[in-house]
Amino acid sequence: MNKTFLKNKIAAAGGKIPADLVIKNGKIIDVFNQEIIAGDLAIKDGLFVGIGDYEGIEIIDAGNRYICPGFIDAHVHIESSMVTPTEFAKAVLPHGVTTVIADPHEIANVSGIQGIQFMLDNSENLPLDVKIMLPSCVPATPFENSGAELLAEDLKDFYQHERVLGLAEVMDYPSLQNADDHIMDKILQTNEHKRPIDGHLAGLDKTAINIYRTAGIRTDHECTTATEALDRIRRGMYVMIREGSAAKNLTALIPAVNQHNARRFMFCTDDKHLDEIVEEGSIDHHVRMAIREGMSPLLAIQIASLNAAECYGLHQKGAIAPGYKADFLLLDDLETVNISEVYVSGKLTGRNGIYAGDSLKAYDPEETLTKTVHIPEILEKDFQIPIGETISANVIGIIPNSIVTKKLEEKVQVIDGNFVPSLEKDQLKLAVVERHKNTGNIGLGIVKGFGFTNGAIATTIAHDSHNIVAVGANDRDLLAAIREIKELNGGCVVIKDGKVIAALSLPIGGLMSEKSFLTIHQKLKKINEALVQIGFNGNYNPFLTLSFLTLPVIPELKLTDLGLFDVGTFQHIEVSH
């Protein structure tokens, strides 16, 4: 900001010159005191410059609506929406989200620094402010094969980018606990730039919290109980209350929030599919849920705005006050949080649930980002799972709307010494196929809880290394699903009787489409309709659940391209028990 700009803002604040924009007849939400105040709201050069009695070049009559600060998603993987940052912006802005703290580790696990650069380029000059936390764990662990490996040296130059905030979720706890050089180098490099570091403490004890805090890591989004949340707050962490598509923790965590600790909580989506963003919302959904759980609307709004801004040092965001960026919403009421209009830097970007900002130009990815599925020829015999004489096996038990799984020990159906899926016992075959370096690795396991009566599904969205993951009621459909994924260059597919009944191509890293979010939303509807045809009737997203069955840092039992993985002991184990 040069001297002339600052002088003009001060002149507008003092009423000596008209403001660019003045909002009149609005009820201003004061997130500092959690009260409603009255007055004209003056905006100059995209900043709030005063609350009081003002005249402006342009006047907006708020019509007695509430003026609310723009919401901040404290931790999100944009790739999980399956659209590019440009299209993601169009989807979330009408829901009042004006800033996101994004971690591009999904595409980084596929394409390394080229993937991070794509996310930065594609999110440039958007009305949505996309801040970036650099991926800390690519690969997430040494127990799987990803498409890239990032060391501190690879991340160094990104700290010069104005929208890069710090280091994203440190999820490789064994490496942190052992103070391995590769993670120490990244933490020290971040500290040198005086930037924040995010944590990832799924299922970890109080000793782990001590280790994370001692390393300077300040946040966690993996709490599933109020007790876990309070343990982290006591040790100086910020806790992100997550409500995504696979992991839904808000109801369980809200009881941990009280008048003394509320400023240490934030809202985040982490991973949320596009259809749920469009149909139920983003952080606005968190606010509505929190209010339904008994939280004061003003406190819920503070958690959705100011808290994240302060945690990440975004000193001009999160409040309706002089000196803050003019990102705000007009709400019809405080109970339903119905958003009638969204403004970014004082400019209209959303109205009645529809994007209303300027036309946005997409950044086309390089061809290397769209050719990322490399697998050899696979046959049905490659899916055989030998079972010992005990016919007992380690089985992954899914928990609906959770990314945590159960480690089950069950008797299974065996023919000619190999496991055969049982529809009666709801035991299906799970496969993870390495797709980055054409290694031919196939991890095989047994999963319980999908409820399919036939067919198979497969996807290249498989956290965090994003190999191909597929689940099926028989080997023929399993093979057809994986072959179709290769033809699509990544995406999602539903197979029945050997034929494709629904498919979605995601050619950018096997994670995102270049098409509009409205187009992808319609294709996702067809995917959901096809799932019914193979017997799925659960109240959760099976594709998202499937995508987290490969994440070997979330308890209890997972599957990687190297085999079945016991998160409790941090080692691969045999399927046969």
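Residues numbered from 1 in each chain as written. Predicted model: local features only at pLDDT ≥ 70, side-chain atom pairs only at ≥ 80, totals over all residues. Heavy atoms only, no water.

Draft legend 1. Quick look at the side chain of Asp271. Looking at the element boundaries, Asp271 is found in the loop between β15 (265-268) and α10 (274-280). When residues no more than four places from it in sequence are discounted, the contact partners of Asp271 are His77, Ser80, Glu106, Gly244, Ser245, Ala246, His463, Leu544 and Phe548. (Helix = DSSP H or I, 4+ residues; strand = E, 2+ residues; numbered from the N terminus. Contact = heavy atoms within 4.5 Å.)

Draft legend 2. Highlighting the sheet that holds strand β1 (residues 19-24). If you walk across this open sheet you meet the 4 strands as β5-β4-β1-β6, and the pairing is mixed. Edge strands, defined here as strands with exactly one partner in the open sheet, are β5 (47-52) and β6 (56-61). The sheet shows a mean angle of 25 degrees between the axes of neighbouring strands, taken without regard to direction. Along the sheet face, helix α1 (residues 3-13) touches β1, β4 (40-44) and β5 and points at about 20 degrees away from the line of β5. (Pairing = 2+ DSSP bridges. Axes fitted to C-alpha atoms, helices over the stretch in contact; angles between N-to-C directions.)

Draft legend 3. Layout of the packing of aromatic side chains. Summed over the entire model, instances satisfying the criterion amount to 10 aromatic pairs. Judged by centre distance (4.6 Å) and plane angle (5 degrees), the rings of Phe328 and Tyr343 are stacked. Note that Phe328 is positioned in strand β16 (residues 328-331) and Tyr343 in strand β17 (residues 339-344), a separation of 15 residues in sequence. Look at Phe328 and you get buried, because its relative accessible area is 0%. Among the residues examined, Tyr343 registers a relative accessible area of 5% and is labelled buried. One aromatic cluster in this structure is built from Phe450, Phe452, Phe536 and Tyr540. (Phe/Tyr/Trp six-rings, centres within 6.5 Å; stacked < 30°, edge-to-face > 60°. Buried < 20%, exposed > 50% of the residue type's maximum accessible area, 1.4 Å probe, protein only.)

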